[in-house]
Every structure is written in C-alpha cells, then in structure tokens.
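# Architecture and fold: a report
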Amino acid sequence: MIIIGEKINATLDAVKTIILNRDTKSLLDLTQKQVAAGADYIDVNIGTGVGSREDEIRSIKWAIESIQGQVATPLCIDSADPKVIAAGLETLNAKPSMINSAKAEKHNLEAVVPLAAEHDSLLIALAMDEDGIANMVDGRLRACEKICNACQKYGIPIENLYIDPLVMPISTDINSGLVTLETIVAIKKSFPGAKTVTGLSNVSYGLPQRRRLNIAFLHMCIFAGLDAAIVDPLDEELTAAIKTGEVLAGKDRYCRRYMRAFRKKSQ
Ligand code: THG
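To keep things clear, this report deals only with the structure shown in the data block. (Residues numbered from 1 in each chain as written. Predicted model: local features only at pLDDT ≥ 70, side-chain atom pairs only at ≥ 80, totals over all residues. Heavy atoms only, no water.)

## Considerations on the overall build of the protein
Each helix and strand counted, the protein has ten helices and eight strands in total. Against the compact-globule benchmark of 18 Å for 267 residues, the protein has a radius of gyration of 18 Å, which places it among compact chains. When each of the 267 residues of the protein is scored for burial, the buried share is 50%. A separation threshold of at least 6 residues defines the contact pool for the protein, and within that pool the share at least 24 residues apart is 69%. About 13300 Å² of surface is accessible on the protein, with carbon and sulfur atoms providing 52% of the total. Here the protein contributes 31 positively and 33 negatively charged side chains, and the mean placements of these two sets differ by 6 Å. (Helix = DSSP H or I, 4+ residues; strand = E, 2+ residues; numbered from the N terminus. Rg over C-alpha atoms; globule rule 2.2 N^0.38 Å. Buried < 20%, exposed > 50% of the residue type's maximum accessible area, 1.4 Å probe, protein only. Contact = heavy atoms within 4.5 Å. Areas by Shrake-Rupley, 256 points an atom, 1.4 Å probe, with all protein chains shown as cover. Lys, Arg positive; Asp, Glu negative; His and termini not counted. Charge placed at Lys NZ, Arg CZ, Asp CG, Glu CD.)

Listed below in structure tokens is the structure:
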C-alpha cells in the first residue's frame, strides 16, 4: 500500500494558519513527521478557500520551494484547479511526483492529463464526470473509462494512473461504502494495470467512533484491491491496520512487513 500523507491540508485551521503566515518551519515539521512515520508521498493542499487563484499559486510555489530540497519524499500536488497544479509542477524540480487530481469532465481532463504527460507525473483521477458522482458502480465506471481514454490519448502509461473510486458518507446513504468497494473491484477488473487510491475518512462522516469505521473500511478496501490511501500516517492504529490488512489479504510476502512492524512489540 502506498501511503500518501494527508496532513498538509489547508481545510484544517492549523494548516491554514501555517500557509497564510508562510510559516516554513511548521510546514517542514509537518512534512518531516509524516516522512518519519512512513509516508511514501506527501499530499500538499494549500487551498485555504479565502484567497484568489493567484494567492493559491503563490502558496503552492512557496510550499513546494520550502519542502523540496529538505525532504526527499515525493510530493502529491492536491488542487481542483489545473492552473494551481501547473504552477506546482513548474516549481517542482524533483521526480517522481503525483497530481491530485483530474476528474472525468472533458475540460478538466484536457487541462490536467497533459500536465501529467509533460511532467512525467503520476496522476490521481476521480471517478466523477459532468453529472457529478454516480450513485452506482456502472456510472462511476463510465467516468473511469473517460479517464483511461484521456490517458491513452496523451500517452500516460496506465500504471501511472491512480483512480479514486470516491467515498461518500454511509450516514447519508447506507450503500455508499459498498459502492466504493465494488467500484475498486470493477476498476481492477476492467482496466488492468490501473491503480486505485482513496481518502478513507469520508465514509464515517456524521457518525460516532469514526476511527473504528475507517479502519474496518480500510481492511475491506485492501481486500477489494486498493493500492494507495490518503491517510494520516501519524495515526498508529491506522498504519497498524494497513499492515494487518495487507498480510491477511496475501499482499505481504512471507509476512515480512508485518513481522518487522510487530515482532518486538507486546500484544
Ligand atoms: N481523494 C483525493 N484527494 C483528497 C481526498 C480524497 N484530498 C483531500 C482529502 N480527501 C484527503 N485529505 C484529508 C486531510 C485531512 C483530513 C481528512 C482528509 C482530516 N480530517 C479530520 C477528520 O476527518 O476528522 C478533521 C477534519 C476537520 O477538522 O475539518 O484531518 O478523498 N484524491
């Protein structure tokens, strides 16, 4: 499982303050903690929701300039605005990198997929199109097909594509979790080589004891074939759950990672 550390996200008040104050030290601290905890990529989302596109472009440039050079771990540029993604990619001088995200809307695909090709970046794409997020698996798969076609058109190897099946709260639609799980299975079957990624925590929105649900859902997603997750790598329960889920699903040869993580620890 590829772990994408989610903690640099300007929707969180503390992170918003770091970005608005250009607090390089705290930004690096947040990055380095996630790296030490085992993050494979660091998601960088600087959209504070208060400023203009130009503000966001300045912020993404600052964040990437501050981090790269100090940290070898690759970055995942998280923005819905292709112009902000482009500015981030231009600032990045390290490879590989990851774009988060494109979606299956024609204009968005035409803007974002070529950026992944140009910068030889991995690409996260959301299983939603002009009609939004489909309630059922077949609708989400149609969005995936548009994404795969665009990748083919612009020469993105399918192995570089990470499709997000999208997760909606089960508190508003009890079938939400199931649809995500079935979409993961269907993506792996219909688009061989394509990878899957998701943020988990939406599933438990509005319910008590969210962490329990997130971890149970993580295990189900691993069984369904999830390749990467956008999570808090500092959450030890969750990172332990990745190890237990992967070893049980036959994804940890000789139980090696499980043994390394738990051998010396007490029950
Ligand atoms: N898919 C893709 N990208 C994504 C998401 C996704 N990027 C953003 C998001 N979802 C993943 N990132 C975060 C970052 C922080 C938190 C959750 C997801 C977080 N949430 C706390 C919680 O859930 O309890 C607190 C929320 C708050 O205080 O506002 O910390 O799904 N491709």
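## Overview of the pairing of strand 7 (residues 195–199)
Relative to strand 7, strand 6 (residues 161–164) runs parallel, the two sharing two bridges. Looking across to strand 7, one finds that I163 is bridged to T196. Crossover strand 6 to strand 7 through helix 7 (residues 176–190) is right-handed. Relative to strand 8 (residues 228–231), strand 7 runs parallel, the two being bridged by three bridges. Along strand 8, the bridge assignment pairs V197 with A228. Of the crossover connections in this fold, the one passing from strand 7 over helix 8 (residues 210–224) to the parallel strand 8 is right-handed. (Pairing = 2+ DSSP bridges. Right-handed = clockwise from strand over helix to strand, strands pointing away.)

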